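Tertiary structure, described
Residues per chain, in single letters:
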Amino acid sequence: MKINQNISAVIVNDQLLRNENSVSESVKKLSSGLKFNAPKDNPSGMAISFKMQAQIHALNRASLNATDGTSMVETIDGAMGEMTEVLQRIRELCVQAGNDTNTLEDREAIQQEIDALKEEVNRISTATEFNNKTLMDGSLDRRTYVTDENKTVSRFEQVSNVIISDEVQAGDYKVEVKEPAKHADLVAKGNAAVLNGSTVITEGLEGTIKINGSRIEITEGMTADDVYQAIRDGGELGWVNVFETNTGTPGAVDKDNLDTQGYPEVKDGYQFGDTLAFVSQNYGTNEKVTITCDNPDLAALIGFKSIISQGSASEETIVKEYSLQTAGKDEIKDAQGNVTTAGETAKVVTGTYAGPGQFHPVGELYINNAKVTITEDMPAQDVYDAIVAAARSQDIIVTDVNGGNYSFGESLQFVSLQKGSDQVINIQYISEDMDDYFGLTGAIPPADEKTISYEYKVEKEGTNADVSIENAGAIRKEYTGQAVVKADGNEVVITDKSGFEISFEIRGDFAAAGLETINIEATDIGTLQLQIGANEGQELAVRVPVLNTKSLYMDDLDVRKVTGPDRGLETMDKAIGIVTAARSLMGAYENRLDYIRSGLDEAEENMTTAVSRLGDTDMAAEMTEYTNANVLTQASISVLAQANDLPQQVLSLLQG
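To start, this report covers the structure provided alongside it.

This next bit is on the overall build of the chain. Along the backbone of the chain there are 10 helices and 30 strands. Against the compact-globule benchmark of 26 Å for 656 residues, the chain has a radius of gyration of 49 Å, which places it well outside the compact range. In terms of its C-alpha atoms, the chain occupies a principal-axis envelope of roughly 215 × 55 × 50 Å. Taking contacts inside the chain between residues at least 6 apart in sequence as the whole, the part at least 24 apart equals 74%. With an accessible surface of roughly 34000 Å², the chain has 48% of that area assigned to carbon and sulfur atoms. Between the mean site of the 54 positive side-chain charges and the mean site of the 104 negative ones, the chain shows a separation of 7 Å.

On to the pattern of salt bridges, then. This structure, assessed with the given rule, holds 31 salt bridges. Here Arg 583 makes a salt bridge to Asp 77, at a shortest N to O gap of 3.1 Å. Of this pair, Arg 583 sits in helix H8 (residues 564-615) while Asp 77 sits in helix H2 (residues 43-97), and the two are 506 residues apart along the sequence. Judged by its relative accessible area of 32%, Arg 583 is partly exposed. Among the ionic pairs, Asp 573 bridges to Arg 91, the shortest N-O distance being 2.6 Å. With Asp 573 in helix H8 and Arg 91 in helix H2, this pair connects stretches of sequence that are 482 residues apart. Accessibility expressed as a relative area gives 27% for Arg 91, which makes it partly exposed. Residues participating in the shared-partner salt-bridge network are Arg 89, Glu 92 and Glu 113.

Let us look at the sheet that holds strand S12 (residues 313-327). Read from one edge to the other, the open sheet built from 8 strands follows the order S8-S7-S11-S21-S12-S20-S16-S17, with strand pairing classed as antiparallel. Whereas interior strands pair on both sides, the edge strands pair on one side only; in this sheet they are strand S8 (214-218) and strand S17 (370-374). Shown here is a sheet whose adjacent strand axes are inclined to one another by a mean of 15 degrees, direction ignored. Bridge count for strand S16 (residues 363-367) against strand S20 (residues 424-429) is 3 bridges, and the pairing is antiparallel. Within the sheet, the bridge partner assigned to Leu 365 lies in S20 and is Tyr 429.

Taken as a class, soluble globular proteins show a tendency for nonpolar side chains to be buried jointly. In terms of nonpolar packing, the biggest core is built from 44 residues, with Met 80, Met 83, Leu 87, Ile 90, Met 136 and Leu 552 touching the most fellow members. Where this core is concerned, the elements lending two or more residues are H2, helix H3 (104-127), strand S29 (528-531), strand S30 (539-542) and H8. Counting residues per element, this core draws most heavily on H2, at 15 residues. Not counting the four nearest positions on each side in its chain, Ile 90 is found in contact with Ile 114, Leu 117, Lys 118, Met 554, Leu 557 and Met 572.

So, on to the sheet that holds strand S19 (residues 412-419). Taken together, 3 strands build an open sheet; the order of strands is S15-S19-S18 and the sheet is antiparallel. The open sheet has two free edges, formed respectively by strand S15 (345-349) and strand S18 (396-400), since each of these has just one partner strand. Averaged over all pairs of adjacent strands, the angle between their axes in this sheet comes to 15 degrees, without regard to strand direction. In this sheet, S19 lies alongside S18 in antiparallel orientation, the contact comprising 5 bridges. Bridge pairing links Ile 397 to Val 415 in S19. Against the sheet, helix H6 (residues 380-392) engages S18 and S19, with an angle of about 155 degrees to S18.

Attention now moves to the layout of surface pockets. To find leftover empty space, one rolls a probe the size of a water molecule over the atoms. If you add up the space inside the largest pocket, you get close to 1100 Å³. Contributing to the lining of the largest pocket are 36 residues, with Asn 282, Asn 490, Glu 491, Tyr 553 and Asp 556 lying nearest its centre. Examining the composition of the lining of the largest pocket, we find that 7 residues originate from one element, H8, more than from any other. When grouped by side-chain class, the residues that make up the lining of the largest pocket number 6 nonpolar, 15 polar and 15 charged. Considered as a void within the structure, the second largest pocket measures approximately 660 Å³ in volume. Lining the second largest pocket we find 25 residues, and of these Ile 163, Ile 164, Glu 501, Ile 578 and Ala 581 sit closest to its centre. Among the elements of the structure, strand S4 (159-164), strand S26 (491-495), strand S27 (501-506) and H8 are those that each provide at least two residues to the lining of the second largest pocket. Sort the elements by how many residues they give to the lining of the second largest pocket and H8 lands first, with 6 residues. Of the residues that constitute the lining of the second largest pocket, the class distribution is 13 nonpolar, 4 polar and 8 charged.

For the bond running from Ile 444 to Pro 445, omega is -5 degrees, close enough to zero to count as cis. Inspection of the secondary structure puts Pro 445 in the loop between helix H7 (432-438) and strand S21 (448-461). With phi around 55 degrees, Asn 196 is a residue other than glycine that occupies positive phi space. Its location among the elements puts Asn 196 in the loop between strand S6 (183-189) and strand S7 (207-211). One non-glycine residue, Asn 368, adopts positive backbone phi at about 55 degrees. Within the secondary structure, Asn 368 sits in the loop between S16 and S17.

Among the structural elements, Thr 70 can be located in helix H2. Judged by its relative accessible area of 7%, Thr 70 falls in the buried class.

What follows deals with helix H9 (residues 619-645). Given a rise of 1.5 Å per residue, 27 residues ought to cover 39 Å, and the 39 Å separating the end C-alpha atoms of H9 matches this to within 8%. Where H9 is concerned, the buried positions are Glu 622, Ala 629, Thr 633, Ser 636, Leu 640 and Ala 643.

As a further point, take the environment of Leu 653. When you line up the elements, Leu 653 lands in helix H10 (residues 650-655). For Leu 653, a relative accessible area of 60% puts it in the exposed group. As for Leu 653 and Ile 291, which are separated by 362 residues in sequence, their C-alpha atoms are 146 Å apart.

Quick look at the packing of aromatic side chains now. Following the criterion strictly, the structure yields 12 aromatic pairs and no others. An angle of 25 degrees between the planes, with centres 5.2 Å apart, marks the rings of Tyr 384 and Tyr 406 as stacked. Of this pair, Tyr 384 sits in helix H6 while Tyr 406 sits in the loop between S18 and S19, placing them 22 residues apart in sequence. Accessibility expressed as a relative area gives 14% for Tyr 384, which makes it buried. By relative accessible area, which is 4% here, Tyr 406 ends up buried. Both rings, one in Tyr 437 and one in Phe 438, keep their centres 4.7 Å apart while their planes meet at 85 degrees; by these two values the pair is edge-to-face.

Cut-offs used in this document
Residues numbered from 1 in each chain as written. Predicted model: local features only at pLDDT ≥ 70, side-chain atom pairs only at ≥ 80, totals over all residues. Heavy atoms only, no water. Helix = DSSP H or I, 4+ residues; strand = E, 2+ residues; numbered from the N terminus. Rg over C-alpha atoms; globule rule 2.2 N^0.38 Å. Contact = heavy atoms within 4.5 Å. Areas by Shrake-Rupley, 256 points an atom, 1.4 Å probe, with all protein chains shown as cover. Lys, Arg positive; Asp, Glu negative; His and termini not counted. Charge placed at Lys NZ, Arg CZ, Asp CG, Glu CD. Salt bridge = Lys/Arg side-chain N within 4 Å of Asp/Glu carboxyl O. Buried < 20%, exposed > 50% of the residue type's maximum accessible area, 1.4 Å probe, protein only. Pairing = 2+ DSSP bridges. Axes fitted to C-alpha atoms, helices over the stretch in contact; angles between N-to-C directions. Core = buried A, V, L, I, M, F, W, Y, C linked by side-chain atoms within 4.5 Å. 1 Å grid on protein atoms, 1.4 Å probe; cavity = no way out; pocket = protein on both sides within 12 Å on 5 of 7 lines; lining within 4 Å. Points joined across faces, edges and corners; volume = space filled by probe spheres on them. Nonpolar A, V, L, I, M, F, W, Y, C, P; charged D, E, K, R; others polar. Expected span 1.5 Å × (residues − 1). Phe/Tyr/Trp six-rings, centres within 6.5 Å; stacked < 30°, edge-to-face > 60°.

And the structure:
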């Protein structure tokens, strides 16, 4: 036995320390619930676990982001729903205004509500917010930039309201603008000499003027100011701007005279004989300036009969009534009752057709009270028989002066069966064909001629913008061979396969110096980016189109004007379609965000399970380890106590 070195105690103490370390490790794992509490426990496992923990936190945050995105999209959808209700109400008002039971005052009241509702559409566009972020004013839409071909000069003021579909990829799209759209325009140089020195409208100058169907009554006693005001106001209701000018040739169109098509506006007060310009308020071939007047002298006074605008077409329509009329004569007797002058029958002899070629009369004529209708397919003999029958019903005999078979244009003789002044033959007709048929020249007695209606009509239409997507006779490479470009007034739409669409408006002063190629740069900038993933680049771009009266093409809706209700219905159908499509897009975003959120939550759950498998303590197994180490520790302590008693046993040897 040795007392300097208690080898047994050393051995037991070493084992005790090991057992205590095992107990300590088990206590850590049992108390923390983790398999490793320090890098030394499992370096690679800890690195993997921390990386997965970062993913779990990010997935949770991304799910919350998707929830926030859903809330924003629902806010947008709600605003669009309110806007749809407003648009439906405007459309209803257009239907109401289209009923001719309404007076102009009624339509003005309707227009007041429409104007207020248009303001509400714009208010919704600018006031809809989420977390102080404006949503529907275009700030969350894809950005587009319009420049010249070399991308050095901005053309965004002259090319506006650019809208691109989702299928338009980011890149440059070139368009050649050959001609901007133009208003329809007419210029009338008045003729004051028609007044014969008067300063007001005289009885013979009264009449009705129509501008695109808007009726204007010119009455006796109206001054130049009165006439100008009536024409100006009537033109306004007919979608036409009327103003005084001093030339029939327009100048260059710029942003300051877009509504006048380049004609200088004179502001010295209208006088009879001055020049008036008539310019349509809108662009394109569907926009016309149509002016009619039912008094030739009035038309000359205002200048409609001296329209000097190129491209205009005029037509003068005169409807006259012709009357061949005579009566018989009574016999005259002397005092003794002897007949001194014999009575006579009524007699009419028509002239003969003296014009070139053969013709076929069409129209109606009356022989006293009997009506004869001549149609295009009636043979000459049938016409003759119808006239004979109608005349016979009025006790009148008709014969063909030439005898034989009757031909159109031959002279006819009408003779009453009875004599006397009460025997009357009255042949009336309203037709130039009838006039030729009965031969106004040579009729006995001569026919009376009376103008019963007159209309002078002059008309001109605008032009659409002329644009092209071709270069050197071929469609540009940024489009496919199926691309199509269409222009309606100043609105241009380029469509291609797979839903590709670019639309924009070209201002009337574009390309004043000649044709020009513009570049429309489509970008992916500007959309609302929702971080819907745990990693970089995992984003959802939410595009919210601009919705206001301009983008919906309803800013000039006016039901007070001629065809205003019809135009309004067409406009509102288009506007409702645009908003409905935008709401459908918001619905698609909402559905997608729901699926995204569900997927993120599922990924977070699975990732948490994986981290648990990797780092969480198996409590049952670890408790077994703890119990084992604890028992061994207690045993080691007991054995160590006994080992420490061994040196004392040496004393028993020394005492013996």
